Amino acid sequence: MDNLSFLENKPSYKTISVLPIPLSIGSDDHDTANAPKYLLNLGLKEALESSGLKISVLPEVSISKEVSKTFSDINKVVKGEILKNNKVLAIGGDHAISLGTIAGAAEAMTGDLGVIWIDAHGDVNTHETSTSLNLHGMVGAALLGLDKTLADLVKVKIKPENILYIGLKDLDQAEIDLIRDHKISVITTLDILENGFSFITKSIELLKQKTNHIWISLDIDAIDKEAAPASAMATSGGLTYREITNLINYIGKTSEVIGMDLVEVTPEKDVENKTGKLCLELISLAFGSKYNWYTEYMSNHKKSE
Ligand SMILES: [Mn+2]
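Starting from 1, residues in each chain are numbered consecutively following that chain's sequence as written. With pLDDT at 70 or above as the cut-off, local features in this predicted model cover only qualifying residues; side-chain atom pairs require 80 or more to be listed or tallied, and sums for whole chains, interfaces and linings still use all residues.

**Quick look at the overall build of the chain**
Rules: The numbering of helices and of strands both runs from the N terminus, where a helix is a DSSP run of H or I of at least 4 residues and a strand a run of E of at least 2. Radius of gyration here is computed from C-alpha atoms only, and the compact-globule reference equals 2.2 Å multiplied by the residue count raised to the power 0.38. Residues with at least 20 neighbouring C-beta atoms inside 10 Å of their own are called buried, those with 12 or fewer are called exposed, and the rest are partly exposed, where every C-beta is derived from the backbone.
Of the regular secondary structure elements, the chain holds eleven helices and eight strands. The C-alpha atoms of the chain give 18 Å as radius of gyration, which agrees with the globular expectation for 305 residues (19 Å, within 12%). A principal-axis box enclosing the C-alpha atoms of the chain has dimensions of 65 × 45 × 35 Å. Within the chain, the fraction of its 305 residues that count as buried is 50%.

**Topic: the packing of helix α3 (residues 67-83) against helix α4 (residues 98-108)**
Put simply, the test is: For helices, the axis comes from a line fit to the C-alpha atoms of the stretch in contact; other axes are also lines fit to C-alpha atoms, and the angle between any two N-to-C directions lies between 0 and 180 degrees. Small angles under 35 degrees read as roughly parallel and large ones over 145 as roughly antiparallel, with 65 to 115 read as roughly perpendicular and the rest as oblique. Crossing handedness follows the turn of the near helix against the far one: under a right angle anticlockwise gives a left-handed crossing, and clockwise gives a right-handed one. What counts as a contact is two residues whose backbone-derived C-beta atoms lie within 7 Å of each other.
Running from N to C, α3 and α4 cross one another at 40°; their axes reach a closest spacing of 7 Å. The orientation of α3 relative to α4 falls into the category oblique. α3 and α4 meet at a crossing whose hand is right-handed. Between α3 and α4, the residues in contact are F71, I74, N75, K76, V78, K79, I82 and L83 and L99, G100, T101, A103, G104, A105, E107 and A108, respectively.

**Some remarks on the pairing of strand β6 (residues 185-188)**
The cut-off we apply is this: Strand pairing follows a simple DSSP-based rule, namely that at least 2 bridges must link the two strands. Crossover handedness is defined here as right-handed if the route from the first strand over the helix to the second strand goes clockwise, with the strands pointing away from the viewer.
Strand direction decides the pairing type here: strand β5 (residues 163-168) and β6, joined by four bridges, are parallel. Looking at the pairing, I166 lines up with I187 of β6. Once the chain exits β5 it traverses helix α6 (residues 173-181) before rejoining the sheet at β6, and the crossover so formed is right-handed.

**Points about helix α10 (residues 274-286)**
Convention followed: Expected helix span is given by 1.5 Å per residue-to-residue step, counting one fewer step than there are residues.
Between its terminal C-alpha atoms α10 stretches 18 Å, which fits the 18 Å expected from 13 residues at 1.5 Å a residue. Across the 13 residues of α10, eleven count as buried, placing the element largely inside the fold. Taken as a whole, α10 has its buried residues at T275, G276, L278, C279, L280, E281, L282, I283, S284, L285 and A286. Taken together, the buried residues of α10 touch α1 (35-41), α2 (44-50), β3 (87-91), β7 (214-219), α9 (241-254) and β8 (257-263).

**So, the sheet that holds β3**
If you trace the eight strands from one edge of the open sheet to the other, you get β2-β1-β3-β8-β7-β4-β5-β6, paired in parallel fashion. Each having just a single partner strand, β2 (54-57) and β6 make up the two edges of the open sheet. Pairs of neighbouring strands in the sheet enclose a mean axial angle of 15°, with direction left out of account. Relative to β2, strand β1 (residues 15-20) runs parallel, the two being bridged by four bridges. Bridge pairing in β2 links T15 to K54. Where α3 meets the sheet, its contacts fall on β1, β3 and β8, and the angle it forms with β3 comes to roughly 155°.

**Structural notes on α4**
Since the α-helix turns once every 3.6 residues, residues separated by three or four places project in the same direction. α4 sits mainly inside the fold: ten of its eleven residues count as buried. Taken together, the buried positions of α4 are S98, L99, G100, T101, I102, A103, G104, A105, A106 and A108. Among the structural elements, α3, β3, β4 (114-118), α5 (139-143), β7 and β8 are those in contact with the buried residues of α4. Just past α4, the residue T110 takes up positive phi, approximately 40°.

**A word on the nonpolar core**
The condition is simple: By our criterion, buried Ala, Val, Leu, Ile, Met, Phe, Trp, Tyr and Cys residues that link up through C-beta atoms within 7 Å make up a nonpolar core.
In this structure, L19, L89, I216, I283 and A286 are the most contacted members of the largest nonpolar core, which totals 92 residues. It is α10 that contributes the most residues to this core, seven residues altogether. If near-sequence neighbours (up to four positions away) are discounted, I283 is found in contact with L48, L89, M260 and L262.

Shown next as structure tokens:
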């Protein structure tokens, strides 16, 4: 691969199974449940197909009153799709969906799974440390097997050395302690300022030495509100448009990405579909292809000739 390879459109030949999960139990902002419809109505399928990806939209997960049933339903679908040799795009919903998606992917891969968790927050509180008891703040801990209450939901745990956090900036002290205790790899926004992109690419390469398959768990709040206003926890100081697009492009072009969560999008807060369009761009990059304003412009140009 040379540096120009990152500008090429190399869509995965595998089918991307899109799983809409309108789950909003884990957080305070219930608008996240509207994100799957929002992105599909924005033309997600057509946009990704225009970039060369094979897209199959699965029926949306029905949300049961019994929370654990919803997670096991999500788990089963994700596991099944991966065992069919498809890739998965799970659209939340809040970050709680990862209790089903990543757990299912880990089962399918019998533990050979690396997780790149892109988030402003660690989501590694436990029932012992959480002050809000919001489920979406405990998902990481549960996947690592560190929350006793949620342990039953995750049959195959993610090894602490197989998770890489990128974009962290707002952590609780208990989360910092837990991350230190378990020697989990973390890239904060300060690290990115200090070391530029090389720290990110080196950390991803290290993760790939330990595992063959990568799951991207993207919380939209990792991105600065300038580029992604449609987030319940939109803040300044997050990853810029240039950082997030290059980061996902790097992962998509160099790693065996088997699936991706896209979570915590709140459509009501979007500004001229800015966040929605960015989501389409990031999804295409995660699976090796390229869809952005430029490719759209060029394809419109072609049609009018
Ligand atoms: Mn999160």
